[in-house]
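Notes for the structure review
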Amino acid sequence: MAAPRITDGVEAESTETGSTQPNPSSGDFKRPQFGTRFLTDPRQVFQHNAWDNVEWTEEQEKAAKKKVSENNHPLPPEKQEEYDNRANEYWNEFYTIHENRFFKDRHWLFTEFPELAPQCNTNHEPHPDTSSSDINQQNGCDKKQSRDFAPSSGDNCDFPGSSATYRILEVGCGVGNTVFPILKTNNDSGLFVYCCDFSSTAVELVKTNPEYDLNRCFAFVHDLSDAEASFPFPDETLDVIVLIFVLSALHPDKMQASISRLARLLKPGGVMLLRDYGRYDMAQLRFKKGRCLSENFYVRGDGTRVYFFTQDELHELFTAAGLEKVQNLVDRRLQVNRGKQLTMYRVWIQCKYRKAS
Ligand SMILES: C[S@@+](CC[C@H](N)C(=O)[O-])C[C@H]1O[C@@H](n2cnc3c(N)ncnc32)[C@H](O)[C@@H]1O
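Note that the structure is a prediction, hence the values are computed from the model and not measured.

1. As for the site of the ligand
Near the ligand lie 21 residues; those nearest to it are Tyr95, Gly172, Asp197, Asp223 and Ile244. Measuring from an oxygen atom of the ligand, one finds a side-chain N or O atom of Tyr95 at 2.6 Å. Within the backbone of Gly172, a nitrogen or oxygen atom sits 2.7 Å from a nitrogen atom of the ligand. Protein contacts shield 99% of the accessible area of the ligand, which totals 590 Å² for the unbound molecule. Its residues assigned to classes, the shell around the ligand comprises 11 nonpolar, five polar and five charged.

2. Topic: the packing of helix α2 (residues 77-85) against helix α3 (residues 87-98)
Contact geometry of α2 with α3 gives a least axis separation of 4 Å together with a crossing angle of 60°. As summarised for this structure, α2 and α3 are arranged oblique, according to the angle between their axes. Contacts between α2 and α3 pair Glu82, Tyr83, Asp84 and Asn85 from the former with Ala87, Asn88 and Tyr90 from the latter. Of the residues that constitute the contact of α2 with α3, the class distribution is three nonpolar, two polar and two charged.

3. Let's talk about the nonpolar core
Membership of the largest hydrophobic core comes to 80 residues, with the highest contact counts inside it found for Leu169, Leu262 and Met272. If we ignore the near neighbours within four places in the chain, the residues touching Met272 are Ile241, Leu243, Ile259, Leu262, Ala263, Leu266, Phe318, Leu323, Cys351, Lys352 and Tyr353. In terms of nonpolar packing, the next biggest core, distinct from the first, is built from six residues, Phe94, Val175, Ala202 and Ala249 among them.

4. Points about the environment of Val175
Mapped onto the elements, Val175 comes out in the loop between β2 (166-171) and α6 (179-185). Separated by 142 residues in sequence, Val175 and Leu317 place their C-alpha atoms 26 Å apart. Discounting residues that sit within four places of it in the chain, Val175 has contacts with Tyr95, Glu99, Asn100, Phe180, Ala202, Leu205 and Val206.

5. Quick look at the packing of aromatic side chains
On inspection of all chains with the given rule, the structure shows 20 aromatic pairs. Plain terms: the ring middles of Tyr83 and Tyr90 are 5.6 Å apart, the flat faces sit at 45° to each other, and that makes the pair tilted. Residue classification places Tyr83 among the buried positions, given a relative accessible area of 10%. Overall, Tyr90 belongs to the buried group, its relative accessible area being 9%. Among the aromatic side chains, those forming a connected cluster through ring pairs are Phe192, Tyr194, Phe218, Phe220, Phe231 and Phe233. Here the basic side chain of Arg86 rests over the ring of Tyr90, its NZ or CZ set 4.9 Å away from the ring centre. Over the ring of Trp56 we find Arg332, and its NZ or CZ is 5.4 Å from the ring centre.

6. Looking at the sheet that holds strand β7 (residues 292-294)
Pairing is antiparallel in the open sheet, where three strands are placed in the order β7-β8-β9. This sheet does not close on itself; its edge strands, each paired only once, are β7 and β9 (305-307). Neighbour to neighbour, the strand axes of the sheet diverge by 30° on average, direction disregarded. As paired strands, β7 and strand β8 (residues 297-299) are joined by two bridges and run antiparallel to one another. Of the residues in β8, the one forming a bridge with Cys292 is Tyr298.

7. Looking at the pattern of salt bridges
Summed over all chains, the structure comprises 17 salt bridges. For Glu89, the salt bridge identified is with Arg86, shortest N-O distance 2.8 Å. Overall, the relative accessible area of 36% leaves Glu89 in the partly exposed class. According to the relative accessible area criterion, Arg86 is partly exposed, its value standing at 27%. A salt bridge links Lys355 to Glu236, with the shortest nitrogen-to-oxygen separation between them at 3.4 Å. Of this pair, Lys355 sits in strand β11 (residues 342-355) while Glu236 sits in the loop between β4 (217-221) and β5 (238-244), and the two are 119 residues apart along the sequence. Through salt bridges with shared partners, a single ionic network connects Lys79, Glu82, Arg86, Glu89 and Glu93.

8. Section: the side chain of Asp52
Mapped onto the elements, Asp52 comes out in strand β1 (residues 50-52). Here the side chain of Asp52 touches Arg333 through a polar contact of 2.2 Å, side chain to side chain.

9. Describing the sheet that holds β5
Strands belonging to one sheet form pairs held by backbone hydrogen bonds; the direction of such a pair is parallel or antiparallel. Ordered by their spatial adjacency, eight strands build an open sheet running β1-β10-β11-β6-β5-β2-β3-β4, and the pairing between neighbours is mixed. The sheet terminates laterally at β1 and β4, the two strands that pair on one side only. Across the sheet, the axes of successive neighbouring strands diverge by a mean angle of 15°, strand direction being ignored. Where strand β6 (residues 266-277) lies against β11, seven bridges are found, and the strand directions are antiparallel. If you follow Asp276 over to β11, its bridge partner there is Ile349.

10. Some points on the environment of Tyr95
Tracing the chain through its elements places Tyr95 in helix α3. Sequence spacing of Tyr95 and Phe231 is 136 residues, and the spatial spacing of their C-alpha atoms is 23 Å.

11. Regarding the packing of α3 against helix α7 (residues 200-207)
Orientation of α3 relative to α7, taken along the N-to-C sense of each, is 40°, at an axis distance of 7 Å. As far as their axial angle goes, α7 and α3 are oblique. Contact residues: Asn92, Tyr95 and Thr96 in α3; Ser200, Thr201, Ala202 and Leu205 in α7. The residue makeup of the contact of α3 with α7, split by class, is three nonpolar, four polar and no charged.

Rules behind the numbers
Residues numbered from 1 in each chain as written. Predicted model: local features only at pLDDT ≥ 70, side-chain atom pairs only at ≥ 80, totals over all residues. Heavy atoms only, no water. Near = heavy atom within 4 Å. Polar contact = N/O pair within 3.5 Å; in protein donor to acceptor, adjacent residues only side chain to side chain. Areas by Shrake-Rupley, 256 points an atom, 1.4 Å probe, with all protein chains shown as cover. Nonpolar A, V, L, I, M, F, W, Y, C, P; charged D, E, K, R; others polar. Axes fitted to C-alpha atoms, helices over the stretch in contact; angles between N-to-C directions. Helix = DSSP H or I, 4+ residues; strand = E, 2+ residues; numbered from the N terminus. Parallel < 35°, antiparallel > 145°, perpendicular 65-115°, else oblique. Contact = heavy atoms within 4.5 Å. Core = buried A, V, L, I, M, F, W, Y, C linked by side-chain atoms within 4.5 Å. Buried < 20%, exposed > 50% of the residue type's maximum accessible area, 1.4 Å probe, protein only. Phe/Tyr/Trp six-rings, centres within 6.5 Å; stacked < 30°, edge-to-face > 60°. Lys NZ or Arg CZ within 6 Å of the ring centre and 35° of its normal. Pairing = 2+ DSSP bridges. Salt bridge = Lys/Arg side-chain N within 4 Å of Asp/Glu carboxyl O.

Quick look at the structure:
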């Protein structure tokens, strides 16, 4: 595996495999055997490109804490405001420069999140209460209706994907590195995938991708931090919501309202899936002075922002939105650049939270 590509902007975090280790305290007991290369002899560190489930020493944790607190001098309020007001412009610039070359398709998606293609995985049983026919009946819709739609009609029967039986929304979809693999892998004829991003440049790249198929997918511009903004489908219509390295891009003050708004979109029994940066990830420790916006929240050289979560913070956000924990684990990985003899400690958090039936 190649070392992560580092620029003065976003880290190519999502090129990494998502191998994680089962953690009984995470409530996750059925995880596949994946990511089982453990570093038992430190002298062997440069023998492989990556090591799984790396334990941090006390000194390492202490040094990370010290580095973060030394850097905790927030930028002045006017700078903060500018980064907040122009957040989508910075991401537009990012996608204008990188187009679809930056975030790579990820192979770990379906091992970590089998909910994205449940027919390929016998562990997953959609909850009996969450069938789309129920939703359509609640909305007075006939399940056999055409998939054509008129998004502005305001008619709940006539929203994109209204006749689907399994609906997934990806928020902060970028150029579709999760959406297109889902469409390719999950060939359930009842599947419909929505995806949104507040970068109109990213959404345009999704829409102009040759694999974009309006019969199976609908991309739209949406600002997650605007909890009042409407969605092109009614509440309680989604089986799955996916957030991959997107919540961390929001201002921490906006996170709770955004997650609570998203929770309303889930059917009873539906799940929210998240993978994002964990506290003291290499990317956090690499920030230089003058980049801190508030505690554990930073702005990169290209104007995009990033927060580094603890498991407890995410648990609090999801449960305050009325969701129940299915999984909340930390994925600690040691990546090695053998050529440069560099070690990089990555910390990612992975969560699944369900809406009660
Ligand atoms: C690190 S990228 C991850 C992109 C994609 N999820 C992936 O993994 O390839 C973060 C994405 O979140 C989007 N984003 C940031 N803030 C957002 C917001 N408030 N509403 C919607 N999308 C947002 C950015 O435009 C960007 O596409």
